Number of protein chains: 2
Amino acid sequence: MKVMVGGTFDPLHDGHKRLISRSFELAGRDGTVIIGLTTDSFARRKTHPVQGYANRKSRLEKFIKDQGFFAEYTIEPLSDRYGSATDVEFDALVVSEETLPIAHEINMLRREKQKRKVDIHQITCVLADDGRWISSTRIYRGEIDEHGRLLQKR
Amino acid sequence: MKVMVGGTFDPLHDGHKRLISRSFELAGRDGTVIIGLTTDSFARRKTHPVQGYANRKSRLEKFIKDQGFFAEYTIEPLSDRYGSATDVEFDALVVSEETLPIAHEINMLRREKQKRKVDIHQITCVLADDGRWISSTRIYRGEIDEHGRLLQKR
């Protein structure tokens, strides 16, 4: 199966790892995963500083290599909410609970363009120790680490 | 991965086949698929007559065998909207666009019961030749066949 997923992935936390892992599981041994990685200018809308594209890309590649996934993959620049997902043929889009609305927007836009709608796989966000979602913003603020462990305030 | 899916599956049309096929793909070679098949009394709420449980079960088993899927599977009786999906541990629920609300209800009920929420994989319904969804009701009415081909009115 051909699967698409997108994000900024900085810092690469357990929620991101789950999103990527599920995408490869879903694609299967003979499948393909297209990872849309936000460009630096698009990532600038985040409320916290973000590492450069090349660093984020290397970090993702290292994670994928370490996991030993079978499916082929491509990391491509994502410079808006949809990237190539409204235009190319693929089977399923993998999103988190937070980004589910984007998936519905993509399917609406595909329909307007007379393209086949795609399956939507919504993963459940990984929870931090306090029962709230792990997010890059919370990690940046120093509330939790990338595994969702609570950090003591200094 | 352990995947759950449910339905009445009568007549077994191309939309159902897609739902079942995706469930096995998602489960993967070493995974498990639990198929909830509505009981005769629960299926009676349908607006059209439905074949008996044993017949519907054999038909499903034949389809699964013919496809040569790898994952293990179990067909279990489903006597309400949720079956065991609010109680057992599993990874992902596969639903159609039509049954997506049930998936959200299941995750809400799981949270109330302090259980981990599951991933939701929403497949895109298969369209009939007229661009509308294939459904058992339409087949029963004689509008389309199980592959979504339009039937001539007598």
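See the structure printed just above.
Structure report, in brief. (Residues numbered from 1 in each chain as written. Chains lettered and ligands numbered in written order. Predicted model: local features only at pLDDT ≥ 70, side-chain atom pairs only at ≥ 80, totals over all residues. Heavy atoms only, no water.)

Turning our attention to the pattern of salt bridges. Side-chain pairs of opposite charge can arise where the charged atoms are in close proximity. Applying the stated criterion across every chain yields a total of 30 salt bridges over all chains. A salt bridge links R110 of chain A to E89 of chain A; the nearest nitrogen and oxygen atoms lie 3.9 Å apart. Linking R110 of chain A in helix 4 (residues 100–112) with E89 of chain A in the loop between strand 3 (72–78) and strand 4 (92–96), this pair joins segments that are 21 residues apart in sequence. A residue is classified by how much of its surface remains accessible, and R110 of chain A, at 0% relative accessible area, is buried. By relative accessible area, which is 42% here, E89 of chain A ends up partly exposed. The shortest N-O distance in the salt bridge between K62 of chain B and D66 of chain B comes to 2.7 Å. Separated by four residues within a single helix, K62 of chain B and D66 of chain B lie in helix 3 (residues 53–67), roughly one turn from each other. Judged by its relative accessible area of 48%, K62 of chain B is partly exposed. (Salt bridge = Lys/Arg side-chain N within 4 Å of Asp/Glu carboxyl O. Helix = DSSP H or I, 4+ residues; strand = E, 2+ residues; numbered from the N terminus. Buried < 20%, exposed > 50% of the residue type's maximum accessible area, 1.4 Å probe, protein only.)

Residue and element names in this part refer to chain A. Counting buried positions along strand 4 yields five of five residues, so the element is predominantly enclosed. Here strand 4 shows no split at all, with A92, V94 and S96 on one side and L93 and V95 on the other all buried. Sheet analysis places strand 1 (residues 2–7) next to strand 4, joined by three bridges and oriented parallel. Looking at the pairing, V5 lines up with V94 of strand 4. Note: strand 4 against strand 5 (residues 119–123), five bridges, orientation parallel. When the sheet's bridge partners are listed, V95 is paired in strand 5 with Q122. In this region the chain leaves strand 4, passes through helix 4 and returns to the parallel neighbour strand 5; the handedness of that crossover is right-handed. (Pairing = 2+ DSSP bridges. Right-handed = clockwise from strand over helix to strand, strands pointing away.)

Attention now goes to the sheet that holds strand 5 (residues 119–123) of chain B. Here 10 strands make up an open sheet; going across it, the order is 3(A)-2(A)-1(A)-4(A)-5(A)-5(B)-4(B)-1(B)-2(B)-3(B) and the pairing mixed. At either margin of the open sheet sits one strand with a lone partner, and together these are strand 3 of chain A together with strand 3 (72–78) of chain B. Taken pair by pair, the neighbouring strands of this sheet meet at an average axis angle of 20°, ignoring direction. Packed on one face of the sheet, helix 1 (residues 14–27) of chain A meets strand 1, strand 2 (32–38), strand 3, strand 4 and strand 5 of chain A together with strand 5 of chain B and runs near 170° to strand 1 of chain A. Along the sheet, helix 1 (residues 14–27) of chain B makes contact with strand 5 of chain A together with strand 1 (2–7), strand 2 (32–38), strand 3, strand 4 (92–96) and strand 5 of chain B, crossing strand 1 of chain B at roughly 170°. (Axes fitted to C-alpha atoms, helices over the stretch in contact; angles between N-to-C directions. Contact = heavy atoms within 4.5 Å.)

Keep in mind that these numbers describe shape and distance, not what the molecule does.
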